[in-house]
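So you can see what is in the structure, the chains are spelled out below.
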Amino acid sequence: MKLLVIEDDTGLNRGISFALEQEGYEVAGARTLREGYRLFEREAPAAVILDLNLPDGDGVEFCRRIRSAPGTGAGTAILMLTARDLETDEIMGLMSGADDYITKPFSLSVLKLRLRNILNRKAAEGEPADQMLRSGDVELDLKAFRAFLDGQELELGRTEFRLLRYLMEHKNQVLLKEQILQRIWDSDGNYVEENTLSVNISRLRKKLGRDRIRTVQGIGYLWEENA
């Protein structure tokens, strides 16, 4: 199970990550909201351990953003951390969409127990709808990174999966080439050739069997819901 720790204190971030890895989780760490958003989109974690106060914003902003985004984040477990023992902070955090709240300093044993309780509660509620993304006869399991065409599993690389997911999440909407490149490849500010996108689009088209991805000449691509 994948987890994301967003905490700007390097020592605490590493300590939490190490403790959770000892429990068998796969953990990614971020120290800013920007890095947290990028890793959240890339890793699709089952849970986020989120600091309320970060150098470039706060956890409330992160909660609201991922809870309101279509197709992502609604079913993710969120445990919020804060150094301020104020009732208003707790209320604000819970109202923004956090599942639970813990005040620093805290015991790692307590954190692990709180996290386990949230995950168990989520599991008992059944699989969140946002973990499955469907468009016609194409279906994505966002949690397991698996794709299906008419019930048969497709062999997709990680980048192909992320590209297909992005297109499906914006069905019947033209996405600019630059927009796709930045979202899928260039989130770290690295230069990526436009040909990289066209090559991956061609691979997806071949694997999907018929052309559900329409080229909008000179502009970008569009996922056609009923193609």
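About the criteria used
- Here the residue numbers are simple positions, counted from 1 along each chain's written sequence.
- Restriction of local features to residues with pLDDT of at least 70 applies here, the model being predicted, together with a cutoff of 80 or more for giving and counting side-chain atom pairs; totals for whole chains, interfaces and linings are based on all residues.
- Water and hydrogen atoms were dropped before computing side-chain values, which therefore reflect all heavy atoms in the structure.
- Runs of E in the DSSP output that reach at least two residues are strands. Runs of H or I that reach at least four are helices, and both are numbered from the N terminus.
- Each residue is assigned to one of three classes by its accessible area relative to the maximum for its type, calculated with a 1.4 Å probe on protein chains only: buried under 20%, partly exposed between the two thresholds, exposed over 50%.
- By definition in these notes, contact holds between two residues if any of their heavy atoms fall within 4.5 Å.
- Nonpolar cores were defined as sets of buried Ala, Val, Leu, Ile, Met, Phe, Trp, Tyr and Cys residues, with membership established by side-chain atoms within 4.5 Å.
- Only the contacting stretch of a helix is used when fitting its axis, a line to C-alpha atoms as for every element, and angles between N-to-C directions run 0 to 180 degrees.
- We call two directions roughly parallel when the angle between them is under 35 degrees, roughly antiparallel when it is over 145, roughly perpendicular when it lies between 65 and 115, and oblique otherwise.
- Here the nonpolar group is Ala, Val, Leu, Ile, Met, Phe, Trp, Tyr, Cys and Pro; Asp, Glu, Lys and Arg are the charged ones; every other residue, Gly included, is treated as polar.
- Here, the arc refers to the directions that run from the helix axis to the C-beta atoms.
- What qualifies as a polar contact is a pair of N or O atoms within 3.5 Å, subject to a donor-acceptor requirement within protein and to the restriction that residues adjacent in sequence count only when both atoms come from side chains.
- Between any two strands, at least two bridges found by DSSP are needed for them to pair.
- Classification of ring pairs uses Phe, Tyr and Trp, with its six-membered ring standing for Trp, and accepts pairs whose centres are within 6.5 Å; under 30 degrees between planes counts as stacked, over 60 as edge-to-face, and the remaining range as tilted.

**Concerning the side chain of S135**
Consideration 1: Note that S135 resides in strand β8 (residues 132–135).
Consideration 2: Given the relative accessible area of 2%, S135 is considered buried.
Consideration 3: For S135, the residues in contact, after removing those within four places along its chain, are M168, W223 and E225.

**Details of the nonpolar core**
Consideration 1: L163, L167 and I180 are the most contacted members of the largest nonpolar core, which has 25 residues in total.
Consideration 2: For this core, the secondary structure elements donating two or more residues are β9 (138–141), β10 (146–149), α6 (158–169), α7 (177–184), α8 (194–208) and β14 (220–223).
Consideration 3: Per-element tally for this core: the top contributor is α6, with 6 residues.
Consideration 4: Discounting chain neighbours no more than four positions away, the residues touching L167 are L175, I180, I201, I213, Y221 and W223.

**Points about the packing of α6 against α8**
Consideration 1: Viewed as axis vectors pointing N to C, α6 and α8 meet at an angle of 85 degrees, and their least axial separation amounts to 10 Å. The angle between α6 and α8 places the two elements in the roughly perpendicular class. Across from T159, E160, L163, L164 and L167 in α6, the residues of α8 making contact are L197, N200, I201, R203, L204, K207 and L208.
Consideration 2: Looking at the contact of α6 with α8 residue by residue, the classes come out as 7 nonpolar, 2 polar and 3 charged.

**Side note on helix α3 (residues 59–68)**
Consideration 1: Listed as buried for α3 are G59, V60, F62, C63 and I66. Taken around the axis of α3, the buried residues stretch over an arc of 160 degrees, which confines them to a single face.
Consideration 2: Residue D58 occupies the N-cap position of α3, its side-chain oxygen lying 3.1 Å from the main-chain nitrogen of V60.

**So, the sheet that holds β10**
Consideration 1: Strand order across the open sheet formed by 4 strands is β8-β9-β10-β11, with antiparallel pairing between neighbours. The strands lining the two open edges of the sheet, one partner per strand, are β8 and β11 (152–154). Taking each pair of neighbouring strands and ignoring which way they run, the sheet shows an average axis angle of 25 degrees.
Consideration 2: As paired elements, β10 and β11 share 3 bridges and run antiparallel to each other. Residue pairing across strands places F148 opposite E153, the latter belonging to β11.
Consideration 3: Packed onto the sheet, α6 meets β8, β9 and β10 and runs at close to 115 degrees relative to β9.

**Concerning the packing of aromatic side chains**
Consideration 1: The final tally for this structure, using the stated rule, is 3 aromatic pairs.
Consideration 2: Ring geometry for Y37 versus F62: centroids 5.2 Å apart, planes at 15 degrees, classification stacked. Taken together, the residues Y37 in helix α2 (residues 33–43) and F62 in helix α3 connect sequence positions 25 residues apart. Each member of the pair, Y37 as well as F62, carries the same accessibility label: buried.
Consideration 3: With a centroid separation of 5.9 Å and 85 degrees between ring planes, the pair formed by F40 and F62 is classed as edge-to-face.

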